[in-house]
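Architecture and fold: a report
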Amino acid sequence: MGTLLIILRKEFRGFFQSPFGWILLSLITVMQGWSVSSAMKALQDAPIPESLVYIVFHMPQFWFYFLALFPLITMRLFAEEERAGTLETLLTAPVQTAQLVLGKYLATLCFYLVLWIPSFLQFQIFGLLTDLDPPFSTGSLGGVFLLIVLMGSLFIAIGTFASSLTSSQIIAGVITVGLLFIHYFLGYITVIYGDQFPAASLFHHISASEHLRDFSRGLISSSTIIYYLSAAAFVLFMTHHALNYRRWKS
Amino acid sequence: MIKVDNLTKRFGRHSAVSGASFEAADGEVVGFLGPNGAGKTTTIRILTGFLPATSGTATVDGLDVAEHPLETRRRIGYLPESVPLYRDMRIREYLRFRGHIKGLRGDFLRRRMDEVIDRCGLGDVRRKMIKTLSKGFRQRVGLADALIHDPPLLILDEPTNGLDPNQIRSIRNLVKELGESHTILLSTHILSEVEMICDKIVIIDGGTVLASDTPSNLVSTMRSAGRISIEVKADPERAQEKMSALDQVKKVIHERNRGNWGEFSILVESGTDTRERLANLAREEGWPLRSLHRHAATLEDVFVELTRKD
């Protein structure tokens, strides 16, 4: 456990020791802030039967920067170690592959959570400044951030996996974007082909946009929670094997 | 300390190491020689647990590297060939991280860091970023990392590769010093380095061990030990013919003429000395004799003879 924490701490600090982490943090803050103010404008202009949280996370720009985030924070993880040769020094130290995978993964997840702190605060500001009840329920705010964590845990695992496949950050990033887009658009299969085929319920089950719709209304489903967590665990398991296999092969 | 037994590593259809066996006793400094692509790095990577062997065993301190990967890695200080480092870290920061993942903590780690920084001559640069260091200093940082957990065995893969003569010298002296208290497996191309430092030499080529002995034994058993140069004033063709006729002479090569003097190289069978008979021959034939010299074989001769492809 000690080794895992050491790797986690080093990786986590790594995000803040270059401008990279700070740029991402400001990017997310600006994008979310923009979403919040446009959502408030939308509520001002016309009555909408949804909460502020729902509208913010259903702005057209949301999925763009949300999905673009993951390749940026994960592509470096193993590809860079492989390119620089430091994977060899890491794996010839008394470190298990599993400790390395989990350490890097959890560090990225922690950094990802930090990225959402400003957005969370933006929702609190409304109540602080206006003395009114915020135009959303605790359930929808909690639900949406729970889903952000859940999607993050799977999507970061996918990015980590892609990074373990190659020594090129660019290729790792492209694979991650590709997999995330495919995952996202699989959720739209039922929109295109309707519900009249046997596997339709499967596509509903993995549809990220449907998850977002439900969670941002405060409808938290345990099967979705289990889906994201178990898929993340599976992808991490694959990462572990991909790393060992690559090492054993070449 | 190291025992490699019939080790084989195949990458697809290509065998990088095939049936290599050698040993290194406690406290020995072993030179690991071979041409590029001979299988040195692969063997080292198996020993350090970075690659698994296809077959055969490698043990470090009596422990199989495949069955006890963490225990054996704790006993090894490894400096990979390319000296991979985190460029954005400072030296102390890097050594602290490496010490941590090798299980060192607190005061003990701090003491070890001071010791290795001192030992590797990094005192003046210890707060610098690694990316600003010269190659020689990076090599020292890699060595400091290999030493930080005070392992009994050091595995150094071409530690002087790409350094300037002064840096080579200082790294070599450092390795020599470390050899007094550590078992070292030193992979290198630089034969003079091996002659100066090593107690034992393992020569590998094509994935198999060709020779494994002390430097002086290797040199004395070499066939090329029997090379003699002679300078006589004589008709070159006749001299060549006469000298070739002597027993135990394998080949006479007419090197060049300097005025009336002809220079010849004579290859003789190993363990024989033909100088006396050559001198007698010159006297009988009435050739003036200016020089007669037997060349001591060098490690280079041994290396070339064992690994030459032609």
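Criteria and thresholds
Residues numbered from 1 in each chain as written. Chains lettered and ligands numbered in written order. Predicted model: local features only at pLDDT ≥ 70, side-chain atom pairs only at ≥ 80, totals over all residues. Heavy atoms only, no water. Helix = DSSP H or I, 4+ residues; strand = E, 2+ residues; numbered from the N terminus. Rg over C-alpha atoms; globule rule 2.2 N^0.38 Å. Buried < 20%, exposed > 50% of the residue type's maximum accessible area, 1.4 Å probe, protein only. Contact = heavy atoms within 4.5 Å. Areas by Shrake-Rupley, 256 points an atom, 1.4 Å probe, with all protein chains shown as cover. Lys, Arg positive; Asp, Glu negative; His and termini not counted. Charge placed at Lys NZ, Arg CZ, Asp CG, Glu CD. Salt bridge = Lys/Arg side-chain N within 4 Å of Asp/Glu carboxyl O. Polar contact = N/O pair within 3.5 Å; in protein donor to acceptor, adjacent residues only side chain to side chain. 1 Å grid on protein atoms, 1.4 Å probe; cavity = no way out; pocket = protein on both sides within 12 Å on 5 of 7 lines; lining within 4 Å. Points joined across faces, edges and corners; volume = space filled by probe spheres on them. Nonpolar A, V, L, I, M, F, W, Y, C, P; charged D, E, K, R; others polar. Domains from an automatic or database assignment. Arc of directions from axis to C-beta. Pairing = 2+ DSSP bridges. Axes fitted to C-alpha atoms, helices over the stretch in contact; angles between N-to-C directions. Disulfide = S-S within 2.5 Å. Core = buried A, V, L, I, M, F, W, Y, C linked by side-chain atoms within 4.5 Å. Patch = residues over 30% accessible without salt bridge, like charges linked within 9 Å, V, L, I, M, F, W, Y side chains within 5 Å.

**Considerations on the overall build of chain A**
Within chain A one finds 13 helices and zero strands. Scaling as 2.2 N^0.38, a compact globule of 250 residues should have a C-alpha radius of gyration of about 18 Å, and chain A matches this with 20 Å. Counting only C-alpha atoms, chain A reaches 60 × 50 × 30 Å along its principal axes. Scored against the burial criterion, the 250 residues of chain A give a buried share of 51%. Long-range contacts, defined as pairs at least 24 residues apart, comprise 77% of the intrachain contacts of chain A with a sequence gap of at least 6. About 11400 Å² of surface is accessible on chain A, with carbon and sulfur atoms providing 72% of the total. Chain A carries 12 positive and 12 negative side-chain charges, and their two centres are separated by 13 Å.

**Comments concerning the interface of chain B and chain A**
Facing the 24 residues of chain B at the interface are 25 residues of chain A. Where chain B touches chain A, the interface holds two salt bridges. Two residues, glutamate 88 of chain A and arginine 45 of chain B, come together in a salt bridge whose shortest N-O distance is 2.8 Å. Across the chain B-chain A interface, the total number found is seven residue pairs in polar contact (both at pLDDT 80 or more). At the level of secondary structure, the elements contributing two or more residues to the side of chain B that touches chain A comprise strand S1 (2–11), helix H2 (69–75) and helix H3 (91–101) of chain B. Considering every element that reaches the side of chain B that touches chain A, the biggest residue donor is H3 of chain B, with five residues.

**A few points about empty space enclosed by the protein**
Going through the model one piece at a time under the given rule, you end up with three cavities of 30 Å³ or more. Lining the largest cavity, in full, are Thr89, Thr92 and Ala93 of chain A together with Arg73, Ile76, Tyr78, Arg98, Lys102, Asp145 and His149 of chain B. Per-class residue counts for the lining of the largest cavity are three nonpolar, three polar and four charged.

**Describing the domain arrangement of chain B**
Here chain B is partitioned into domain 1 (2–213) and domain 2 (223–296). Inter-centroid distance (C-alpha atoms) of domain 1 of chain B to domain 2 of chain B is 46 Å.

**Re unusual backbone geometry**
Residue and element names in this part refer to chain B. Phi at asparagine 6 takes a positive value of approximately 50 degrees, unusual for a residue other than glycine. Tracing the backbone shows asparagine 6 in strand S1. For glutamate 158, which is not a glycine, the phi torsion comes out positive at approximately 50 degrees. Checked against the element boundaries, glutamate 158 lands in the loop between strand S7 (153–157) and helix H6 (165–179).

**Observations regarding helix H11 (residues 299–307) of chain B**
Residues and elements named next belong to chain B. What H11 keeps buried is the set Leu299, Val302, Phe303 and Thr307. Mapping the buried residues of H11 onto a view down its axis gives an arc of 100 degrees, with all of them on the same face. Against the buried residues of H11 lie strand S3 (29–33), helix H7 (191–197), strand S9 (200–205), strand S10 (208–213) and helix H8 (215–220).

**Focus: the sheet that holds S1 of chain B**
All names here are of chain B. Taken in spatial order, the four strands make up an open sheet running S2-S1-S4-S5, and their pairing is antiparallel. Every interior strand has two partners, whereas the edge strands, strand S2 (14–24) and strand S5 (63–64), have only one. With two bridges connecting them, strand S4 (residues 55–60) and S5 associate as antiparallel partners. Looking at the pairing, valine 60 lines up with leucine 63 of S5.

**Looking at the sheet that holds strand S11 (residues 227–233) of chain B**
Residue and element names in this part refer to chain B. Reading across the sheet, the four strands line up as S12-S13-S11-S14 and stay open at both edges, with antiparallel pairing between neighbours. Looking at the sheet topology across the chains shown, the edges are occupied by strand S12 (249–258) and strand S14 (289–295). Mean inter-strand twist for the sheet, computed between neighbouring axes without regard to direction, equals 15 degrees. Note: S11 against S14, six bridges, orientation antiparallel. Residue pairing in the sheet places glutamate 231 in a bridge with serine 291 of S14. Here helix H9 (residues 236–244) sits on the sheet and contacts S11, S12 and strand S13 (261–268); the angle it forms with S12, its principal contact strand, is near 160 degrees.

**Points about the state of the cysteines**
Here a disulfide denotes a covalent bond joining the sulfur atom of one cysteine to the sulfur atom of another. All names here are of chain B. Applying the stated criterion across every chain yields a total of zero disulfides over all chains. Cysteine 120 takes part in no disulfide bond, and the closest cysteine sulfur, belonging to cysteine 198, lies 18 Å away. Residue class for cysteine 120 comes out buried when judged on its relative accessible area of 0%.

**What to know about the nonpolar core**
Residue and element names in this part refer to chain A. Phe57, Phe66, Tyr112, Trp116 and Phe123 are the most contacted members of the largest nonpolar core, which totals 142 residues. The element that contributes the greatest number of residues to this core is helix H8 (residues 138–164), accounting for 13 residues. Beyond its immediate chain neighbours, meaning those up to four positions away, phenylalanine 57 contacts Gln32, Phe62, Trp116, Phe123, Val144, Phe145, Ile148 and Leu212.

**Digging into the side chain of histidine 183 of chain A**
All names here are of chain A. Here histidine 183 is to be found in helix H9 (residues 169–186). With a relative accessible area of 9%, histidine 183 lands in the buried category. Those residues in contact with histidine 183 that sit more than four places away from it in its chain are Leu154, Phe155, Ile206, Ala208, Tyr227 and Tyr228.

**Some details on the pairing of S4 of chain B**
Residues and elements named next belong to chain B. Pairing of S1 with S4, which is carried by five bridges, proceeds in the antiparallel orientation. Counterpart to isoleucine 2 in the pairing with S4 is valine 60. Between the antiparallel neighbours S4 and S5 lie two residues, among them aspartate 61 with a positive phi of about 55 degrees.

**Thoughts on the layout of surface pockets**
Taken as a whole, the largest pocket spans an internal volume of roughly 1100 Å³. Lining the largest pocket are 41 residues, with Lys10 of chain A together with Tyr86, Arg87, Asp88 and Met89 of chain B sitting closest to its centre. Elements supplying a minimum of two residues to the lining of the largest pocket: helix H1 (2–16) and helix H5 (76–84) of chain A together with H3 and helix H5 (135–147) of chain B. Ranked by residue count, the leading element in the lining of the largest pocket is H1 of chain A, at seven residues. Of the residues that constitute the lining of the largest pocket, the class distribution is 15 nonpolar, eight polar and 18 charged.

**Things to note about a nonpolar patch on the surface**
Residue and element names in this part refer to chain A. On the surface, a cluster of nonpolar side chains totalling about 270 Å² of accessible area is made up of Ile117, Phe120 and Leu121. Here leucine 121 shows up in helix H7 (residues 97–130). When its relative accessible area of 45% is taken as the criterion, leucine 121 is described as partly exposed.

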